[in-house]
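Coordinates in review
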Amino acid sequence: MLAIQETDDEQTYKVLPGTSLVIGFQYKGRLSYLDNENEVMLAGSGITGLRDSYRIFKNSRNIGTVLVFFKEAGAAHFFKQPLHELFRESISLENFMLRSELLLLEERLFEAKTDATRIDIIEKFLISKLNPIKPDQLVLAALSLIHKSKGNIRIRELTEQLHISQSPLEKRFRSIVGTSPKKFASIVRLKNAIQQYSNKSSFTDLGYEAGFYDQAHFIKEFKIFTGLSPEKYFSSGD
C-alpha cells in the first residue's frame, strides 16, 4: 500500500510496532527519531524493519513523505537480503541500490507537482525492483495460523501443525518476514490486545485473553510495546 503524508507543523509522535516493513521517501522536510535523549536523523529515503517496541519520531516543519507499507512477507519480493537483518533498524535505501539511481529517484520526487505523480514514480520504481520469486507457502501458512490464533500460539504448536521442525521454519520465516515466528506472534498478540480493549474490560482479563497467565509479565511486555502501563496507555488516549 502506498500513501502520502504531509504535515505543516513540527511534531513528535509515537509509533507502535507493526507487522509490515515500511519504506519512506521524504520529498520535502526531514524525519528523525529519538533514542533516549539523542535525536537520530533518518535518511531521506529509507526502509524500517519490524520492531518489538515503540519508537518516538520527530518531523520537521513542512514535511512530505511517500510511504510504502509492504504486505507481510511482501518485502522479500523486492530485497534479496534476509529481512531479519533489518529488525529494529532504519536503513538508507543507498544500502540496497546504486547511489546515482537513488539520487535520480529523489530528484524526480522533489520535482513532482502532484501526489498522483509521486505515487506513479514510486510504483514504477517498485516494479523495476520486483524479483520474480515464488511465495513461500510454508511461511504464508505460518502467518495465517499466527493471525488465526491472534498471536496466542506456541512455536511447538506451529511446527506440529505445519509438519516441520523448528530450525528450518525459523530460518525461512525470519528471512522472509523480518523476525522470528515467536517475536512476530508476540507483536500480533499485543496489537490484538490493544484492539480488543474496551472500557468494560479489566486489565487482568485483557492479559488472560491475550494468553498471559502472569499479570506482571503482561504489564512488562505491554510497557515495552507501548512505553506505558495498560492503565496509563488507555487513559491517555494513545
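Residues numbered from 1 in each chain as written. Predicted model: local features only at pLDDT ≥ 70, side-chain atom pairs only at ≥ 80, totals over all residues. Heavy atoms only, no water.

**Things to note about the overall build of the protein**
What counts here: The helix count covers DSSP runs of H or I at least four residues long, the strand count covers runs of E at least two residues long, and both are numbered beginning at the N terminus. All radius of gyration figures rest on C-alpha atoms, and the globule criterion is 2.2 Å times the number of residues raised to 0.38. Classification of residues uses two cut-offs on accessible area relative to the type maximum, computed with a 1.4 Å probe and protein chains only: under 20% is buried, over 50% is exposed, and between them is partly exposed. Any two residues whose heavy atoms approach within 4.5 Å at even a single point are treated as in contact. Surface accessibility follows the Shrake-Rupley procedure with a 1.4 Å probe radius. Residue values consider only the protein chains on display as shielding. Think of it this way: Lys and Arg go in the positive column, Asp and Glu in the negative one, and His and the chain ends go nowhere. For the purpose of locating charges, the reference atoms are NZ of Lys, CZ of Arg, CG of Asp and CD of Glu.
A count of helices and strands for the protein gives nine helices and nine strands. Radius of gyration (C-alpha) of the protein: 19 Å, near the 18 Å computed for a compact globule of 238 residues. Expressed as lengths along the three principal axes of its C-alpha atoms, the size of the protein is roughly 55 × 45 × 30 Å. The buried share of the protein, reckoned over its 238 residues, is 42%. Taking the intrachain contacts of the protein between residues at least 6 apart in sequence as the baseline, contacts between residues at least 24 apart amount to 73%. When the accessible surface of the protein is totalled, it reaches about 13,600 Å², and 49% of it is carbon and sulfur. Once the 32 positive and 29 negative side-chain charges of the protein are each reduced to a mean point, those two points are 4 Å apart.

**Digging into the packing of helix H4 (residues 155-162) against helix H5 (residues 166-177)**
Each pair of packed helices gets described by two things: the angle between the helix axes and the distance between those axes. The condition that has to hold: Axes here refer to lines fitted to C-alpha atoms; in helices the fit is confined to the stretch in contact. Angles between the N-to-C directions go from 0 to 180 degrees. Under this scheme an angle from 65 to 115 degrees is roughly perpendicular, one under 35 degrees roughly parallel, and one over 145 degrees roughly antiparallel; angles in between are oblique. Under this grouping Gly is polar, as are all residues other than the nonpolar Ala, Val, Leu, Ile, Met, Phe, Trp, Tyr, Cys and Pro and the charged Asp, Glu, Lys and Arg.
The geometry of H4 relative to H5 is characterised by a closest axis approach of 10 Å and an angle of 95° between their N-to-C directions. Put simply, H4 runs roughly perpendicular to H5. Each of Ile155, Leu158, Thr159 and Leu162 in H4 lies in contact with H5, whose residues at this interface are Gln166, Leu169 and Glu170. For the contact of H4 with H5, the class distribution of residues is four nonpolar, two polar and one charged.

**Observations concerning the environment of Ala75**
Position of Ala75 relative to the elements: it lies in the loop between strand S8 (63-69) and strand S9 (90-92). Sequence separation of Ala75 and Phe225 is 150 residues, and the distance between their C-alpha atoms is 23 Å. Those residues within four positions of Ala75 in sequence are excluded, and the remaining contacts are Leu21, Phe70 and Leu83.

**Quick look at the pattern of salt bridges**
Heads up, the condition is: Basic side-chain nitrogens of Lys or Arg form a salt bridge, by our definition, when they fall within 4 Å of a carboxyl oxygen of Asp or Glu.
For the structure on display, the rule yields 10 salt bridges. In this structure, Glu39 and Lys58 form a salt bridge, with 3.7 Å as the shortest nitrogen-oxygen distance. Here Glu39 is found in strand S5 (residues 38-41), whereas its partner Lys58 is found in strand S7 (residues 55-59), with 19 residues between them in sequence. The exposure class of Lys58 is partly exposed, given its relative accessible area of 22%. The salt bridge involving Glu94 is made with Arg99; its shortest N-O contact spans 2.8 Å. One salt-bridge network, in which partners are shared between bridges, spans Asp52, Arg88 and Lys183.

**A closer look at the sheet that holds S8**
To keep it simple, the criterion reads: At least two DSSP bridges between two strands are required for those strands to pair.
The five strands are arranged S1-S8-S3-S6-S9 in an open sheet whose pairing can be described as antiparallel. Strand pairing shows two members of the sheet lacking a second neighbour, strand S1 (2-7) and S9, which therefore form its edges. Taking each pair of neighbouring strands and ignoring which way they run, the sheet shows an average axis angle of 25°. Bridge analysis of strand S3 (residues 22-28) against strand S6 (residues 45-48) gives four bridges, and the strand direction is antiparallel. Note on S6: the bridge partner recorded for Ile23 is Ile47. Across the sheet, helix H1 (residues 99-111) lies against S3, S6, S8 and S9, angled at about 60° from S3, the strand it touches most. Helix H2 (residues 115-129) contacts S1, S3 and S8 of the sheet and is inclined by roughly 135° relative to S1.

All we've got here are geometric facts, nothing functional implied.
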